[in-house]
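As a plain string of letters, each chain reads:
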Amino acid sequence: MNHLIALDMYVTAGVGVLALILGLFFTRVIPPLKRFCIPAPVSGGILLSLLTLLLHWVLRVDFSFDGTIKEICMMLFFTSVGFQSDMKVLRKGGRPLVVMIILVLVLIVLQNLLSVGIARAMGLGPLLGMATGSIPMSGGHGTAGGFSPVLLEKGLAGADSITLAAATFGLVAGSLIGGPLGESLIRRFSLSSESGGEDVFQEIEPTKTDDSMPKRRYTLAACQLILAMALGMGLYKLLLLTGITFPTYFGALLVGVLIRNVFPHKSGKPDPVCQSEITSIGNICLSLFLGMAMSTLKLWELAGLMLPLLVILLAQALLIVLYGYFVAFRALGKDYDGAVLVSGLCGFGLGATPNAMANMSAICYKYHYSVKPFIIVPIIGAMFVDIINTGVITLFLNLI
């Protein structure tokens, strides 16, 4: 029997910060981590989780972590996602944006059908299928961490380890697949010739926040986030009365959407919603959440699931290749923009929006810059993937 060491929420938060710092260092000194867009807290957290695995096997020592601050960070992040959902921005994308939304919806449904089907065929039950479906694939580490407590409650042992491990696989696979797939489409259909390599990163780089911005904007942003979380928990409890399973952050996400669109930003006037500050706070909370989540993985729980996990995850990678090549590319018009968008779809279909941006940038650097994909993909990644995915996951969890 292993000796158990209990760590309180402050030490757990410190472990998450340590994972983030280590990850930032690794990203600086190990080029593939930056190339594949592996988040710093993920790489640092994996190292710490491997350390706990070593202690478990060699010294028979286990750790229990208090997840209070981790849950707060998760709630803050998803609330900030809701605040990014400005419906007026939709008009910038046009028809390709609508097509991409539909493609994302269909992909998310297919990911869950595939993983649940394979899991059932292997006699492992549908919950393992959900843990390797759109939760970690289209959802990434944030949604994986958000839904793992739901899967645990429903009886899937090691749900947090499984979903986060699958999300890490998706991050790498999305980066490995997206660029080559988009390039193969361009070459196969002669959509463009190679250019001298214009640096597109400067063109898509977000506007930097003015360092002189009053600190009170961050105070207001924190207040708006906390208020939305409080109202969201009330909405979440009302939603539970329907008998349908929802993740705890869903109510706060919806409240964030409502506030953003009730108080839109008018050109030339101060934004009543502190959007840029809210986004910054949300990104910080996501990094801390991932650091704590990855550091506390119980990797030994994956030992008996390695082969089934590998089969399902490789099937997910094959699905997005076939879907991107034969369905998405044709639906998007079979042109250069469509090929770039397919590379982006692979990015956030298996990982996260940064993967998508990196995939598209690599293609544009080799050929030429494409405007629409760099408008559409960030909108999809910020406003629709999490909302659509949460709805589809909730439907599947209540049907299986």
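Predicted model, so just to flag it, every value in this text is computed and none were measured. (Residues numbered from 1 in each chain as written. Predicted model: local features only at pLDDT ≥ 70, side-chain atom pairs only at ≥ 80, totals over all residues. Heavy atoms only, no water.)

Draft legend 1. Representation of the overall build of the chain. When you go through the chain residue by residue, the secondary structure sums to 16 helices and two strands. Taken against the 2.2 N^0.38 rule, which gives 21 Å for 400 residues, the C-alpha radius of gyration of the chain at 21 Å falls within 12% of a compact globule. Per-residue burial for the chain yields a buried fraction of 52% across its 400 residues. Put simply, 80% of the contacts in the chain that link residues at least 6 apart link residues at least 24 apart. Put simply, the chain shows about 17,900 Å² of open surface, and 69% of that area lies on carbon and sulfur atoms. Separation of charge centres in the chain, based on 26 positive and 21 negative side chains, amounts to 6 Å. (Helix = DSSP H or I, 4+ residues; strand = E, 2+ residues; numbered from the N terminus. Rg over C-alpha atoms; globule rule 2.2 N^0.38 Å. Buried < 20%, exposed > 50% of the residue type's maximum accessible area, 1.4 Å probe, protein only. Contact = heavy atoms within 4.5 Å. Areas by Shrake-Rupley, 256 points an atom, 1.4 Å probe, with all protein chains shown as cover. Lys, Arg positive; Asp, Glu negative; His and termini not counted. Charge placed at Lys NZ, Arg CZ, Asp CG, Glu CD.)

Draft legend 2. Quick peek at unusual backbone geometry. Phi angles above zero are rare outside glycine, and Arg 60 is one such case at about 60°. Residue placement: Arg 60 occurs in the loop between helix H3 (40-59) and strand E2 (61-65). Of note in the backbone geometry, Lys 334 takes a positive phi value of approximately 55° without being a glycine.

Draft legend 3. Quick peek at the packing of helix H5 (residues 94-121) against helix H13 (residues 306-331). Contact geometry of H5 with H13 gives a least axis separation of 10 Å together with a crossing angle of 150°. Put simply, H5 runs roughly antiparallel to H13. As for how H5 packs across H13, the hand of that crossing is right-handed. Contact with H5, carried on its side by Arg 95, Val 99, Leu 103, Val 106, Leu 107, Leu 110, Gln 111, Leu 114, Ser 115, Ile 118 and Ala 119, involves Val 311, Ile 312, Ala 315, Gln 316, Leu 319, Ile 320, Tyr 323, Val 327, Ala 328 and Ala 331 of H13 and no other residues of that element. Residue classes in the contact of H5 with H13 are distributed as 17 nonpolar, three polar and one charged. (Axes fitted to C-alpha atoms, helices over the stretch in contact; angles between N-to-C directions. Parallel < 35°, antiparallel > 145°, perpendicular 65-115°, else oblique. Left-handed = near helix turned anticlockwise from the far one by under 90°. Nonpolar A, V, L, I, M, F, W, Y, C, P; charged D, E, K, R; others polar.)

Draft legend 4. Structural context of helix H10 (residues 216-240). In this model, H10 (25 residues) spans 36 Å end to end at C-alpha, consistent with the 36 Å of a helix rising 1.5 Å per residue. Of the residues making up H10, those classed as buried are Arg 217, Ala 221, Gln 224, Leu 225, Ala 228, Met 229, Gly 232, Tyr 236 and Leu 239. Close packing links the buried residues of H10 with helix H4 (68-83), helix H11 (250-262) and helix H12 (275-295). (Expected span 1.5 Å × (residues − 1).)

Draft legend 5. Region of interest: H3. With 20 residues, H3 should cover 28 Å at 1.5 Å per step; its first-to-last C-alpha distance of 28 Å lies within 8% of that length. Taken together, the buried positions of H3 are Ala 40, Pro 41, Val 42, Ser 43, Gly 44, Gly 45, Leu 48, Ser 49, Thr 52, Leu 53 and His 56. Positive phi appears at Arg 60, one or two residues downstream of H3, with a value of about 60°.

Draft legend 6. Region of the structure containing the layout of surface pockets. Its boundaries defined by the atoms lining it, the second largest pocket holds a volume of some 340 Å³. Lining the second largest pocket we find 20 residues, and of these Phe 65, Lys 70, Leu 152, Asp 160 and Thr 296 sit closest to its centre. Those elements that place two or more of their residues in the lining of the second largest pocket are E2, H4, helix H7 (140-154), helix H8 (159-188) and H12. With four residues, the single largest contributor to the lining of the second largest pocket is H7. (1 Å grid on protein atoms, 1.4 Å probe; cavity = no way out; pocket = protein on both sides within 12 Å on 5 of 7 lines; lining within 4 Å. Points joined across faces, edges and corners; volume = space filled by probe spheres on them.)

Draft legend 7. Looking closely at the packing of H8 against helix H14 (residues 336-350). Axis separation between H8 and H14 bottoms out at 6 Å; the angle between their running directions is 170°. Overall, the two elements H8 and H14 adopt an arrangement that is roughly antiparallel. Here Ala 167, Gly 170, Leu 171, Ala 173, Gly 174, Ile 177, Gly 178, Gly 179, Leu 181, Gly 182, Leu 185 and Ile 186 of H8 come into contact with H14, specifically with Tyr 336, Ala 339, Val 342, Ser 343, Cys 346, Gly 347 and Leu 350. Among the residues forming the contact of H8 with H14, the class breakdown is 12 nonpolar, seven polar and no charged.

Draft legend 8. Up close: the side chain of Ser 115. Looking at the secondary structure, you find Ser 115 in helix H5. For Ser 115, the side chain forms a polar contact with the main-chain oxygen of Asn 112, separated by 3.3 Å. (Polar contact = N/O pair within 3.5 Å; in protein donor to acceptor, adjacent residues only side chain to side chain.)

Draft legend 9. Local environment of the confidence of the model for the chain. Averaged over every residue, the pLDDT of the chain is 86; residues scoring 70 or more account for 91%. Taking the mean pLDDT of every element in the chain, the minimum, 38, falls on helix H9 (residues 201-204) and the maximum, 95, on helix H6 (residues 126-131). Per-residue pLDDT stays below 50 along residues 197-209; that stretch engages in 15 contacts with residues further than four places along the chain or on separate chains. (pLDDT = per-residue confidence, 0-100.)

Draft legend 10. Examining the state of the cysteines more closely. Here the structure, examined in full by the defined rule, presents zero disulfides. Free of any disulfide, Cys 285 has its nearest neighbouring cysteine sulfur in Cys 73, separated by 4.6 Å. Judged by relative accessible area, which is 7%, Cys 285 ranks as buried. (Disulfide = S-S within 2.5 Å.)

Draft legend 11. Up close: the pattern of salt bridges. If you walk through the whole model with that rule in mind, you get three salt bridges. Of the charged contacts in the structure, one is a salt bridge between Lys 366 and Glu 183, with a shortest N-O distance of 1.9 Å. Of this pair, Lys 366 sits in helix H15 (residues 353-366) while Glu 183 sits in helix H8; the two residues are 183 residues apart in sequence, bridging distant segments of the chain. Between Arg 260 and Asp 271 there is a salt bridge, with the nearest N and O atoms lying 3.0 Å from each other. (Salt bridge = Lys/Arg side-chain N within 4 Å of Asp/Glu carboxyl O.)

Draft legend 12. A look at the environment of Leu 55. Along the polypeptide, Leu 55 turns up in helix H3. For the pair Leu 55 and Leu 235, spaced 180 residues apart in the sequence, the C-alpha separation amounts to 42 Å. If sequence neighbours within four positions are ignored, Leu 55 has contacts with Arg 60, Val 61 and Phe 63.

Draft legend 13. Examining the packing of aromatic side chains more closely. In this structure the tally under the stated criterion is eight aromatic pairs. A centroid spacing of 5.0 Å and a plane angle of 65° characterise the contact between Phe 77 and Phe 78, whose relative ring orientation is edge-to-face. Residue Phe 78 is classed as buried on the basis of its relative accessible area, which comes to 1%. A network of ring pairs unites the aromatic residues Phe 77, Phe 78, Phe 147 and Tyr 249 as a single cluster. Stacked on the ring of Phe 189, the Lys or Arg Arg 188 has its end atom at 5.0 Å from the ring centre. (Phe/Tyr/Trp six-rings, centres within 6.5 Å; stacked < 30°, edge-to-face > 60°. Lys NZ or Arg CZ within 6 Å of the ring centre and 35° of its normal.)

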